[in-house]
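Close look at the chain arrangement
Single-letter residue listing:
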Protein chains: 2
Amino acid sequence: MAGKGEETRERILDRAQAMILECGYAGVSIDKLIQSLGLTKGAFFHHFRNKNDLARSLIRRYADQGLELFSDNLARAKKLTDDPLQQFLVLIGLYEEIFEDLTEPYPGCLLASYVYELQQFDEQTRAIINEEFVLSRAELSKLIGEIMTIHPPCRDVDPVSLADGFMSVFEGAFILSKSLDEADITIQQLRHYKTYIELIFTRSDV
Amino acid sequence: MAGKGEETRERILDRAQAMILECGYAGVSIDKLIQSLGLTKGAFFHHFRNKNDLARSLIRRYADQGLELFSDNLARAKKLTDDPLQQFLVLIGLYEEIFEDLTEPYPGCLLASYVYELQQFDEQTRAIINEEFVLSRAELSKLIGEIMTIHPPCRDVDPVSLADGFMSVFEGAFILSKSLDEADITIQQLRHYKTYIELIFTRSDV
DNA sequence: TAGATTGCATACCATTCGGTATGTTTTTAA
DNA sequence: TTAAAAACATACCGAATGGTATGCAATCTA
């Protein structure tokens, strides 16, 4: 069984994440958080030592979910085709699917939210953020490296910056999507990225 | 003459922007801000009605500077060549130049910082953010539209999402740059975007 | 040069903040 | 069934917060 305590803890994390993506970490007080959940301080401090503990648990969960989603999508892509290039294109398509059904803008990336108030967090929390990007970059650039050995790119590109480009698409699109209040920006930018990958690796002239 | 008051006001704005990009708007208290400047509350509240007034003045200044930089760069590009495609490529190159000399990561985009705590700000402040993206998008998509009439793209792309892509590159790259503490990510992503534009508009096959 | 305005400092205030101490109820396990 | 541990609630605290009221010296203006 999940346990009622664990359920409450998850409820706190969910609500905290939603509120942080709208008001920022420093902008979400523990009072406001628990009030919006109908809880009290006793409940909060039973599940978290302090506010920084909440921040760390939250970004840990978000980073783990992100890496898990990536692994799942990559595994699915690898089952569908053997060619690394097609694997990557399928992988991008799988991410597109996630954002296809959204009618409202994606609430945002918690990592990005933290990055824009980095000094609010302790070293451990900052390390989690860094780690997530480093791991994603490593896995992605490895795949792109495989692509390059089979499909010579028509321009001189390095796999690491191309991997960064994939993550950058999300981060950039989320910000535009939030400020312009348009849900489909993320998909459009993902499609552009996919087109770019295609153009780079499917023609060896120019 | 600039006036001593206006000079102090600018000092406050400069320091506030730097601190907000590191701690977020809610994370920067007026006390910390004025203390880091060696000023007092009297000084702050002489120049700003309240904290929200600071926020509005700050984003107004940042947005104006951004649009001005864009206009300047576009004007320079238009003087250098008559072809809209080349104008855009030169424009991107001019932005590259700005980030070429940076040894540390760009401190970040104030608009993005605000976007991740949007609910902290009043309607007027949020409107400025929206306006900046809308205006940039309009100017850019207009130029890209001109490109498309002369250079038929090899893929079916729309100018608005391509314009969004340009802004998105900055926003995404800044986040990666800050979290990974690497200064050259922005340039690399700008180069990728430029390559994408080249590939889209210089090949009419596939 | 008198008066008014600007530019800033000092002192203070009500509220909110993160956090603690101490309960009380509910659930779990022997 | 009962003890204990978990899951919450209540009440409180010092510090930090945004903001105000007031004072005063410098500067500008008539």
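As shown above, the structure is provided for reference.
Conventions and cut-offs
Residues numbered from 1 in each chain as written. Chains lettered and ligands numbered in written order. Predicted model: local features only at pLDDT ≥ 70, side-chain atom pairs only at ≥ 80, totals over all residues. Heavy atoms only, no water. Near = heavy atom within 4 Å. Polar contact = N/O pair within 3.5 Å; in protein donor to acceptor, adjacent residues only side chain to side chain. Helix = DSSP H or I, 4+ residues; strand = E, 2+ residues; numbered from the N terminus. Nonpolar A, V, L, I, M, F, W, Y, C, P; charged D, E, K, R; others polar. Disulfide = S-S within 2.5 Å. Buried < 20%, exposed > 50% of the residue type's maximum accessible area, 1.4 Å probe, protein only. 1 Å grid on protein atoms, 1.4 Å probe; cavity = no way out; pocket = protein on both sides within 12 Å on 5 of 7 lines; lining within 4 Å. Points joined across faces, edges and corners; volume = space filled by probe spheres on them. Expected span 1.5 Å × (residues − 1). Core = buried A, V, L, I, M, F, W, Y, C linked by side-chain atoms within 4.5 Å. Contact = heavy atoms within 4.5 Å. Least-squares fit on C-alpha atoms with pLDDT ≥ 70 in both. Salt bridge = Lys/Arg side-chain N within 4 Å of Asp/Glu carboxyl O. Phe/Tyr/Trp six-rings, centres within 6.5 Å; stacked < 30°, edge-to-face > 60°.

What follows deals with the protein's contact with DNA strand D. Neighbouring DNA strand D are 19 residues, the closest being Thr-8 and Thr-40 of chain A together with Ile-30, Lys-41 and Lys-51 of chain B. At the protein interface, 54% of the atoms of DNA strand D within 4 Å belong to sugar or phosphate. In this structure, Thr-40 of chain A approaches DNA strand D through a side-chain N or O atom, which is 2.7 Å from a phosphate oxygen. One of the backbone nitrogen or oxygen atoms of Ile-30 of chain B is found 2.8 Å away from a phosphate oxygen of DNA strand D. Listing elements by their share of the surface near DNA strand D, those giving two or more residues are α1 (4–23) and α3 (41–47) of chain A together with α2 (30–37) and α3 (41–47) of chain B. When residues in the surface near DNA strand D are grouped by element, the largest group, five residues, is from α3 of chain A. Its residues placed into classes, the surface near DNA strand D shows five nonpolar, eight polar and six charged.

Here the focus is the state of the cysteines. One pass over the structure, following the stated rule, counts zero disulfides over all chains. Just so you know, Cys-23 of chain A is unpaired, no disulfide at all, and the nearest cysteine sulfur is the one on Cys-109 of chain A, 17 Å from it. On the accessibility criterion, Cys-23 of chain A (17% relative accessible area) is buried. With no disulfide of its own, Cys-109 of chain B lies closest to Cys-109 of chain A among cysteine sulfurs, the gap being 16 Å.

Here the focus is empty space enclosed by the protein. For the structure shown, the criterion picks out three cavities of 30 Å³ or more. The space that makes up the largest cavity amounts to roughly 270 Å³. If you trace the largest cavity, you find 18 residues lining it, with Val-169 and Tyr-193 of chain A together with Gly-165, Val-169 and Tyr-193 of chain B closest to the centre. Where the lining of the largest cavity is concerned, the elements lending two or more residues are α8 (159–180) and α9 (185–202) of chain A together with α8 (159–180) and α9 (185–202) of chain B. Class assignment of the residues belonging to the lining of the largest cavity gives a composition of eight nonpolar, ten polar and no charged.

Residue and element names in this part refer to chain A. In a regular helix each residue adds 1.5 Å, so 22 residues correspond to 32 Å; α8 covers 31 Å between its end C-alpha atoms and thus fits that length. The buried count for α8 comes to 20 of 22 residues, which makes it a mostly enclosed element. Asp-181 occupies a position one or two residues after α8 and carries a positive phi of about 55°.

Around DNA strand C, a shell composed of 20 residues is seen, among which Ile-30, Lys-41 and Lys-51 of chain A together with Thr-8 and Thr-40 of chain B lie nearest. Within 4 Å of the protein, the contacting atoms of DNA strand C are 57% sugar and phosphate, with bases supplying the remainder. Ser-29 of chain A places a polar side-chain atom, nitrogen or oxygen, 3.2 Å from a phosphate oxygen of DNA strand C. At 2.9 Å from a phosphate oxygen of DNA strand C is found a side-chain nitrogen or oxygen belonging to His-47 of chain B. Counting only elements with at least two residues in the surface near DNA strand C, the list comes to α2 (30–37) and α3 of chain A together with α1 (4–23) and α3 of chain B.

Another point: the nonpolar core. In terms of nonpolar packing, the biggest core is built from 138 residues, with Phe-88 of chain A together with Phe-88 of chain B touching the most fellow members. Ignoring any residue separated from it by four or fewer positions in sequence, one finds Phe-88 of chain A in contact with Leu-140, Leu-143, Ile-144, Ile-147, Tyr-193 and Ile-197 of chain A.

Here Gln-189 of chain B shows up in helix α9. Take Gln-189 of chain B: its relative accessible area is 6%, and that puts it in the buried class. Once you skip the residues sitting within four places of it in the chain, Gln-189 of chain B turns out to touch Ser-161, Asp-164 and Gly-165 of chain A together with Val-169 and Ala-173 of chain B.

Take chain A, turn it by 180°, move it 0.0 Å along the axis, and it overlays chain B with an RMSD of 0.1 Å. The two molecules are tied by a two-fold rotation axis, judged by turn and shift. Nearest to the rotation axis, the C-alpha of Gly-172 of chain A is located 2.0 Å from it, this being the minimum over chain A. Residue by residue, 100% of the interface of chain A is reproduced at the interface of chain B, so both copies engage with the same surface.

In this structure the tally under the stated criterion is 25 salt bridges over all chains. Among the ionic pairs, Glu-96 of chain B bridges to Arg-191 of chain B, the shortest N-O distance being 3.0 Å. Residue Glu-96 of chain B is located in helix α5 (residues 84–100), and its partner Arg-191 of chain B is located in helix α9; the two are separated by 95 residues in the primary sequence. Owing to a relative accessible area of 3%, Glu-96 of chain B belongs among the buried residues under this scheme. Within this structure, Glu-10, Asp-14 and Arg-61 of chain A form a network of salt bridges that share partners.

Once that is clear, we can look at the packing of aromatic side chains. Under the criterion given, the structure shown has 33 aromatic pairs over all chains. Ring plane angle 45° and centroid distance 5.4 Å describe the contact between Phe-166 of chain A and Tyr-193 of chain A, whose orientation is recorded as tilted. Of this pair, Phe-166 of chain A sits in helix α8 while Tyr-193 of chain A sits in helix α9; the two residues are 27 residues apart in sequence, bridging distant segments of the chain. An angle of 45° between the planes, with centres 5.8 Å apart, marks the rings of Phe-99 of chain B and Phe-174 of chain B as tilted.

Moving on, we come to the side chain of Ser-57 of chain A. Looking at the element boundaries, Ser-57 of chain A is found in helix α4 (residues 51–80). Once residues lying within four places of it in the same chain are set aside, the contact partners of Ser-57 of chain A are Arg-9, Leu-13 and Phe-48 of chain A.

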